[in-house]
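# Inside the fold
Given next are the chains, with one letter for each unit.
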Amino acid sequence: MEKKAAKAKSCLKPAPDVLISCRDKEGNNNALAVEYACNCSFDPPMVMVGIVPSRHSYHMVKETGVFVVNLVSEELKKQYAYLGTHSGRDEDKLAKIGMNVGDGEKVNAPLLLDCPVNIECTVVDSIKTGSHEMFIGKVECVHANENIVDEEGNVDYSKINLLKFR
């Protein structure tokens, strides 16, 4: 088969789009849509998320050193789009769209309870990679809807209709 040159931006798609939630030191919650997210260590478990420095949430994560990765189901497509196109500088986005929010058990950041999986993380390092700063988060706790967790505590991702926005 013949090959054709393709754009390099986001060349490792498909990967699930996620929502990163965070809380500033004054207790204000925020969330943003993130396309760059992946596992980066299994021992200890760590994930990496990329946030553009101009984003409101970027400063919250830098200031507090914690965040939550929320996996998004297809049913939350509208909420994902809203959180990705509006700024927390201007409004309480989570309240505006009626997202159910809870508190993390291990980190001081909100869980987006409508999402099937929430991963609490503590920042252990970061690297600026050009347009984004990649925050490496040590996984402190994973919450998952009980109907997607097997007898051994593993998340059965085949039971989640993960959002593939683009």
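Look above for the structure.
First, a word on scope: everything that follows refers to the structure included in this document. The residue numbering used here restarts from 1 in each chain and proceeds along that chain's sequence as written. Reporting in this predicted model follows two pLDDT cut-offs: at least 70 for local features of residues, and 80 or more for side-chain atom pairs to be given and counted; totals over whole chains, interfaces and linings ignore these cut-offs and use all residues. Side-chain metrics rest on all non-hydrogen atoms present in the structure, leaving aside hydrogens and water.

Turning next to helix α2 (residues 77-85). Within α2, burial applies to Gln79, Tyr80, Tyr82 and Leu83. Viewed end-on, α2 has its buried residues packed into an arc of 165°, placing them on one side of the element. Every exposed residue of α2 that faces more than 90 degrees away from the buried side is listed here: Lys78 and Thr85. Contact between two residues is taken to exist if any of their heavy atoms lie within 4.5 Å; hydrogens are not considered. Under the scheme used here, helices are H or I runs from DSSP no shorter than 4 residues and strands are E runs no shorter than 2 residues, and both carry numbers assigned from the N terminus. As for α2, its buried residues are in contact with β1 (18-23), β2 (29-34) and α3 (93-96). Buried, partly exposed and exposed residues are distinguished by accessible area as a fraction of the type maximum, computed with a 1.4 Å probe on protein chains only: under 20%, between the cut-offs, and over 50%, respectively. Arc definition: it is the arc formed by the directions from the helix axis to the C-beta atoms.

Moving on, we get to the state of the cysteines. In this description, the term disulfide denotes a pair of cysteine sulfurs within 2.5 Å. All chains considered together, the criterion is met by 0 disulfides. Left without a disulfide partner, Cys38 is nearest to the cysteine sulfur of Cys40, which lies 5.9 Å away. Overall, the relative accessible area of 37% leaves Cys38 in the partly exposed class.

Moving on, we get to the pairing of strand β8 (residues 117-128). Two strands form a pair only when DSSP identifies at least two bridges running between them. With 6 bridges connecting them, strand β5 (residues 66-71) and β8 associate as antiparallel partners. In the strand pairing of β8, Asn70 is matched with Asn118. Summarising the sheet, β8 and strand β9 (residues 133-144) pair through 11 bridges and their orientation is antiparallel. The partner of Cys121 across the bridge, within β9, is Val139.

Time to look at the pattern of salt bridges. Any Lys or Arg side-chain nitrogen located within 4 Å of an Asp or Glu carboxyl oxygen qualifies as a salt bridge. A complete count under the given rule lists 5 salt bridges for this structure. Between Lys77 and Glu74 there is a salt bridge whose closest N-O contact spans 3.9 Å. For Lys77, a relative accessible area of 35% puts it in the partly exposed group. Between Lys138 and Glu140 there is a salt bridge whose closest N-O contact spans 3.6 Å.

As a further point, take the environment of Val72. Mapped onto the secondary structure, Val72 falls in the loop between β5 and α2. Residues Val72 and Pro44 lie 28 residues apart in sequence; the distance between their C-alpha atoms is 24 Å.

One open sheet accounts for 7 strands, arranged β2-β1-β5-β8-β9-β4-β3; its pairing is antiparallel. Sheet topology places β2 and β3 (37-42) at the edges, where each strand pairs with a single neighbour. The sheet shows a mean angle of 35° between the axes of neighbouring strands, taken without regard to direction. Here β1 runs beside β2; their pairing, made up of 6 bridges, is antiparallel. Its bridge partner lying in β2, Ile20 is registered against Leu32. Orientation is described by lines fitted to C-alpha atoms, with helices fitted over the stretch in contact, and by angles between N-to-C directions that extend from 0 to 180 degrees.

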